[in-house]
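Breakdown of the fold
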Amino acid sequence: MILSKIIASKELELAALKEKTPIEALQTVIPTLPAPRPFGPALRLPGQVAIIAEAKKASPSKGIIRHQYEPEQLARSYEREGASAISVLTEEKFFLGHPSHLTLVKKVTSIPVLRKDFIIDPFQIYESRVLGADAILLIAAALKQDQLEEFQEIAAGLGLSCLVEVHTELELINVLSTGASIIGINNRNLKTFETDLSVTFKLRSLITNNQITVVSESGIKSYQDILKLREKGVHAALVGEALVRSPDPGAGLNQLKGGRVREGL
């Protein structure tokens, strides 16, 4: 299982990181930082599917996706073309990201920034706030029920939003019981890394609370996919590979939102 390998690696990485930087050092810095940008409201656009555009260099299943990877340049083009938020991969070993990428992106944009990583320890939540994250990803498949509740509580205390990710009906039931307000439905099976957009359609129908913001993640490749999501009442879509693979990711985002192919592109 790819997920278990990533978690095992993350545990080793965290042990070294926590020894180097005590959590108290992070807690001391946080009161001096600007307030996080509102993430949830940015994903609610009347009649539209908001796009969370992702900056990532590689993935365990596809290897390097973008050889000339410049997170700042990507972020600027995403914001220019109407992204509602930006997701930044900060996991180093399997996705070739880095925590500093998030800080760089935050400095050159004015829209909310989501930290996409495998968060398994409260330390990472405080670290995310110091790095400049406005929201963090919590993966139900990687966390126990009490951790999901505890981590959301810690994040809320720091002003951070949580995108709580599910892939199965059981995970969704558990996450709904935690009071999560933003739920991501991952179309990618984290055991096999295969994607299937129907996962969103199936699980979306089980979310009856209209106050919950629903995000579809992975395997979204075209404007037609966006239209299908809108038809099913999905509020936002997190799109990475389809954009990052594009020769011009900004133009790719424009097309994903229904724009025409521009002359010269």
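Above this text is the structure in question.
An account of the accompanying structure is given in this report. What you see is a predicted model; the values in this text were computed from it and never measured.

A word on the layout of surface pockets
- Computed from the structure, the largest pocket encloses a volume of approximately 440 Å³.
- Taken together, 27 residues form the lining of the largest pocket, with E54, K56, K116, R188 and S218 sitting closest to its centre.
- Only β6 (135-139), β10 (236-239) and α10 (241-244) provide two or more residues apiece to the lining of the largest pocket.

Focus on the nonpolar core
- If you look at the biggest cluster of nonpolar residues, it comprises 53 residues, and the most contacted ones within it are F39 and I125.
- Per-element accounting of this core gives the leading share, 5 residues, to β6.
- For F39, the residues in contact, after removing those within four places along its chain, are I52, A85, P112, L114, D134, A135, S161, L163 and I182.
- In terms of nonpolar packing, the next biggest core, distinct from the first, is built from 29 residues, I51, I86, L102 and L229 among them.

Some thoughts on the pattern of salt bridges
- One pass over the structure, following the stated rule, counts 10 salt bridges.
- Salt-bridge contacts for E13 lead to K10; the nearest nitrogen and oxygen are separated by 3.4 Å. Remark: K10 and E13 occur in helix α1 (residues 2-20); sequence separation between them is 3 residues, near one turn of the helix.
- With a relative accessible area of 29%, E13 lands in the partly exposed category.
- Here R115 makes a salt bridge to D117, at a shortest N to O gap of 3.4 Å. In terms of burial, R115 and D117 fall into one category: buried.
- By sharing partners, the salt bridges in this structure join K10, E13, R115, D117 and E127 into a single network.

What counts and what doesn't
Residues numbered from 1 in each chain as written. Predicted model: local features only at pLDDT ≥ 70, side-chain atom pairs only at ≥ 80, totals over all residues. Heavy atoms only, no water. 1 Å grid on protein atoms, 1.4 Å probe; cavity = no way out; pocket = protein on both sides within 12 Å on 5 of 7 lines; lining within 4 Å. Points joined across faces, edges and corners; volume = space filled by probe spheres on them. Helix = DSSP H or I, 4+ residues; strand = E, 2+ residues; numbered from the N terminus. Core = buried A, V, L, I, M, F, W, Y, C linked by side-chain atoms within 4.5 Å. Buried < 20%, exposed > 50% of the residue type's maximum accessible area, 1.4 Å probe, protein only. Contact = heavy atoms within 4.5 Å. Salt bridge = Lys/Arg side-chain N within 4 Å of Asp/Glu carboxyl O.

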